[in-house]
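Coordinates in review
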Amino acid sequence: MKNIKILLFTAALLMPLQSFCKSSKDKPNILFIVIDDLKTDLACYGQTGLVTPGIDQLAAQGVIFDNAYCQQAVCAPSRISCFTGMRPDRTQVVDLKTNMRDKQPDIVTIPQFFKQNGYETVGFGKLMHGAKGNDPLSWTIPYKEKDQLKYAKGYAYPANGKYQNPEAIKAYQEAKSKKLNWFETNAYLKERNLSPSVESRVVPDDAYPDGAVAEASMMQLEQFAKGDKPFFLAVGLNKPHLPFAAPKKYWDLYKRENIEVHPFQEKAKHSPDYAYHTWGELRNYSDIPDKGDLSIDKQKELIHGYRAATSFADAQVAKVMDKLKELQLDENTIVVLWGDHGWHLGDHGLWCKHSNFEQATKVPFIISAPGMAMGERAATMTEMVDIFPTLIEYAGFNVPKQLEGHSLLPVLEKPNKKVKDYAISQFPRGNNNMGYSMRTERYRLTLWLKGEFQKGSIVHKPSILGVELYDYKKDPLEKISLAGDPAYREITAELRNKLLTLLQEQAKQNKVNYSGKAQGEKTKKDSGKGLASMAIIDGHFSQELSKSWKTKGANGAVVDFKRVASDDGHTLKVAVSNLGKNPWDIQMMSKMPMQLKAGETFRLHIKGKGGEGRVVLHPEGGKQIVRHLNLSQEQSVQELNFPIQATGAYTLKLLFIEKGEYIIQEIDLGDKAKVAVPFVEGSVRLDNKNIHVLGANYVTRSSNELSFSRFSDKTYHSPNEVRMFSLANGRTNSGIKLLFKTASNKVSLKFVPAEGTNRGAEFLVLQDGQFDNTYKFNNSMSKGEMVLDLTNKFTGQSTVFEIVLPSLINLKLHQLIVDEGADLEVFTPDKKPVYLAIGNSITHGVGQGSASYLSYPYLLAEKLDYNYFNLAVGGAKISQAVAEQTSEMPQADLITILIGYNDLVGFGKTPEDYKKDYRKFLKTIRKHQPNATIYCISVTYTNTKKGKKTNYTPDDFRKSLNELVAEFSRDDNKIIFVEGDKISSKENLREDNPKDPVHFGIKGAALFADELYSIIAKDN
């Protein structure tokens, strides 16, 4: 076979490139290997004692990159970034739930590019985590999930794709028979202590998924060898991802007694707490404690398991490479091997990835390419976004401009060459906090910014939460952050400015999406009466004349206004064949008035040629200002000045008063070209069914009012001892969203307060799922009209607006205004699983102002991608009326219940009273919601040690709930107890009110949502 072939192994590692033929007939094949969670703990990276002969051999055949870094240290964002050549802020994939094509439907992946250019593209194993179905658009041969692969004879598919323990497989098959989903199956195994973090069994390699992936890849190579087309083969290896399950022979390569734990297991001095995490991924396994440190023995077992899993993955690489050589394809194939991110093995007290530290962001990266350097090392800083342009250039294609990486072809030719001096990683923490980290040869600077990272203002007007600086020459273990050290002030400022400049340039690029639609900038709100949209008086004639100008030929005048193409774009040709009776009979007038202020001088430049004319500035209801226009037969530019006497709206007119031809090349209005277009009031009826209300159980519509409620009249009018909350506290909008779709460039919503609590209002607005803005009204402002003036970020495009209502106020929508000629479009919100959040004032959102979008249920629902209903009430009391209302709710997939402590002891309740009331409450909810998984969360962290009227402590109530859930779970394994005090701490409490003993602050709510998500989602 003469084709040059490129193989790609996807396993969180990149392998060296080899030489290739650039002729159009003989394109190189690509083997692309990515390995999950792979650190640079490899023999070829100088780590002694590691057994990785397969990868080491590949390194000897190519170039090994010593300073390679991922874009984000978690699977999906890192992989999507590499596969698209775009950073996470561009792909908008920064978590494990976002589907790449939901955010960027027209984005092009590496295999898709080669598919479009005549390649056969095939992939096996874990590849594009973050793209639904591993992105069918990318493959010429449909992708096979790992349960569709062939496994060793006599061995069943591993339990949930992980374990070969027969007991685990039996439990897994039981879970399948019960039709449990992946998360529920994980929980099912964990409850039976059948989901350990490690497994060592005497089984063949292909009893596990990675062995089956290698076998499938080798068979595919045999098929490729028979064909005559170039190919792209992606091989995704899952190990050494948790659990560390590998055949025993790989465990036997290492002696436990020779393994040392990491020497530095503390937080870096002067580093912020949010730089760290509680390694929830590892804690999801049945042999790992829910909190606290790991014993030395357990640490050594995990390190042993990680090394065994690494050697297991290495053996699969070797098999595929041997097959490549056996088929004589190796001389024509470029091989790339890379890791999707690193892994913490105890350093900084961390396990797993999920940080901006060195051990999480640094990755192995090797390229072996025919005709390029062999057995050499490259010191240049490298990022995974560099892979896409490298492969394209190596294969002889033009590199698309939108790619954000650099081609490494110069380095493959001369490994001592440097193409960049930095690498950038990032990681989000909590709600709208993003840590951007720049690694240079010596330093790492991390900036923690507050704000929506997808919105340019986070970097253009940065709100810096914290700064970290590490000097690897003096401190390779990152023991101390030097950002505040006077001796490092200059380098900190230099790197800070460089990083912000790079992020700002990136943000500019992010405004253009792949369909070529420009995302409009947010404009200043109109200060006049009503709402205005921004439009352009087109003096460059770049669009049809009728868009900006009205033309006229009256009283016998014969004239032809024609927009014609020119070398510089378009010009306006005005051919006057016959004049009218008056100088104003032939004219063109701006359709939109300009807002001009008294005392200013309006300057106008007209470029063109022709004859004499007049330029008129006409104020509404005022005296017009006239200037002579004298255009010679040669091209000229004339400046006209108009002193403005009165503030107001002015219309611009051009009068043509001679026969002949005028050529107007440009009418330069300066910044006055942007003009305000008033809205037509009351253009949308509020009983319009295209205004969707989510999270409200009861909605009342009329032509001029839309109101919504979380509770029914029956609940509100229940007896006090059944309702157990005040009517005012129940009448709030926590968890309610409004959604509508329109192509209008401006939208205005007017809300007014209704009966109920009013503690101020803070709205969140999203457009097509992207952050737009927040609107905050203090207690005084929220007593009157609250107007949200919105600008469509996607100018002229149909956009879904999502308005998240405040939590501690009850509102009505009184007005929704759109542009004249625009309307609300028919659309149906995505159908999602349903989440009911039942609880107390913590669940209600007390502690986060009146911003529902900062409460833990909202954050949890967003992480899970669920539609949610907030049924929280003030106080910590058990409301049987709320339990009964669940009969009127949609059938939920998930329910969380958080009923606290302070009010219970305040009313003199005992733990037995609590258990009795809670039992009735839980039975009622289960009766009405038979299919939901219910998480009963015990009392969260509180500074209150004992009740005022009793001597009962929070632990007494926690114990009581634990006993009750145990009672239920004997017959109902979908009622689960969560230790609230184990997933919260003093750190969760309000920073703005230290005297509050129980409520979460903004940061605390985000941390609590993260902890709940890790419990519910398990190791997604």
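A quick note: this is a predicted structure, and the numbers were derived from the prediction, not measured.

Regarding the environment of Asp-290
- Summarising the element assignment, Asp-290 is placed in the loop between α10 (280–283) and α11 (296–326).
- Sequence separation of Asp-290 and Ile-983 is 693 residues, and the distance between their C-alpha atoms is 8.8 Å.
- Non-local contacts of Asp-290, meaning those with residues more than four positions away in its chain, are made with Lys-190, Arg-283 and Glu-979.

What about the packing of helix α6 (residues 166–177) against helix α7 (residues 182–191)?
- Interaxial distance between α6 and α7 falls to 10 Å at its minimum, and their mutual angle equals 140°. Regarding the angle of α6 to α7, the classification is oblique. Judged by the twist between their axes, the crossing of α6 over α7 is right-handed. Facing α6, whose interface residues are Ala-168, Ala-171, Tyr-172, Glu-174 and Ala-175, α7 presents Thr-185, Tyr-188 and Leu-189.
- Here the contact of α6 with α7 is built from residues that sort into 6 nonpolar, 1 polar and 1 charged.

Focus: the nonpolar core
- In this structure, Phe-32, Phe-65, Phe-114, Trp-338, Trp-351, Phe-365 and Ile-387 are the most contacted members of the largest nonpolar core, which totals 132 residues.
- At 12 residues, the largest contribution of residues to this core is made by α11.
- Not counting the four nearest positions on each side in its chain, Phe-65 is found in contact with Tyr-45, Phe-365, Ile-367, Ala-378, Thr-380, Thr-382, Leu-408, Val-411 and Leu-412.

A few points about the pattern of salt bridges
- Summed over all chains, the structure comprises 47 salt bridges.
- With its nearest N and O atoms 3.4 Å apart, the salt bridge here joins Glu-441 to Lys-418. Separated by 23 residues along the polypeptide, Glu-441 in the loop between β15 (433–439) and β16 (443–450) and Lys-418 in the loop between α14 (409–413) and β14 (423–429) bring together distant segments of the chain.
- Residue Glu-441 is classed as exposed on the basis of its relative accessible area, which comes to 62%.
- Across the pair Glu-987 and Lys-1003 runs a salt bridge whose closest N-O atoms are separated by 3.1 Å. Taken together, the residues span a long stretch of sequence, with Glu-987 in the loop between β46 (975–978) and α27 (1002–1017) and Lys-1003 in helix α27 at a distance of 16 residues.
- Judged by its relative accessible area of 29%, Lys-1003 falls in the partly exposed class.

Focus on the environment of Asn-193
- Residue placement: Asn-193 occurs in the loop between α7 and β6 (198–201).
- With 92 residues separating them in the primary sequence, Asn-193 and Tyr-285 have C-alpha atoms 8.5 Å apart.

Some details on the confidence of the model for the protein
- On average, residues of the protein carry a pLDDT of 86, and 90% of them reach 70 or more.
- Here residues 511–535 is a poorly scored stretch, pLDDT under 50, and it has 64 contacts once near neighbours within four places are set aside; other chains count.

A closer look at the sheet that holds strand β33 (residues 705–709)
- Taken in spatial order, the 5 strands make up an open sheet running β32-β33-β40-β35-β38, and their pairing is antiparallel. A single partner strand is all that each edge strand has here, and the edge strands are β32 (698–702) and β38 (786–791). Direction aside, the axes of adjacent strands within the sheet are offset by 20° on average.
- Summarising the sheet, strand β35 (residues 746–758) and β38 pair through 6 bridges and their orientation is antiparallel.

Quick notes on the rules
Every residue gets a number counted from 1 within its own chain, in the order that chain's sequence is written. Since the coordinates come from a predicted model, pLDDT governs what is reported: local features require at least 70, and pairs of side-chain atoms require 80 or more to be given and counted, while whole-chain, interface and lining totals use all residues. Calculation of side-chain values draws on the structure's entire complement of heavy atoms; hydrogens and water are dropped beforehand. Helical segments are the DSSP runs of H or I of at least four residues, strand segments are the runs of E of at least two, and each set is numbered from the N terminus. Contacts are assigned to residue pairs with any non-hydrogen atoms lying within 4.5 Å of each other. As a rule, the C-alpha atoms of each element are fitted with a line to give its axis, helices using only the stretch in contact, and angles between N-to-C directions run from 0 to 180 degrees. In what follows, roughly perpendicular refers to angles from 65 to 115 degrees, roughly parallel to angles under 35, roughly antiparallel to angles over 145, and oblique to any angle outside these ranges. Throughout, a crossing is termed right-handed when the near helix is turned clockwise from the far one, and left-handed when it is turned anticlockwise from it by less than a right angle. Polar here means any residue outside two lists: the nonpolar Ala, Val, Leu, Ile, Met, Phe, Trp, Tyr, Cys and Pro, and the charged Asp, Glu, Lys and Arg; Gly therefore counts as polar. Grouping buried Ala, Val, Leu, Ile, Met, Phe, Trp, Tyr and Cys residues that are joined through side-chain atoms within 4.5 Å yields what is termed a nonpolar core. Whether a residue is buried, partly exposed or exposed follows from its accessible area with a 1.4 Å probe, protein chains only, as a fraction of its type maximum: under 20%, in between, or over 50%, in that order. A carboxyl oxygen of Asp or Glu within 4 Å of a side-chain nitrogen of Lys or Arg is what we treat as a salt bridge. pLDDT measures the predictor's confidence residue by residue and takes values from 0 up to 100. Only strands that DSSP links by at least two bridges are regarded as paired with each other.

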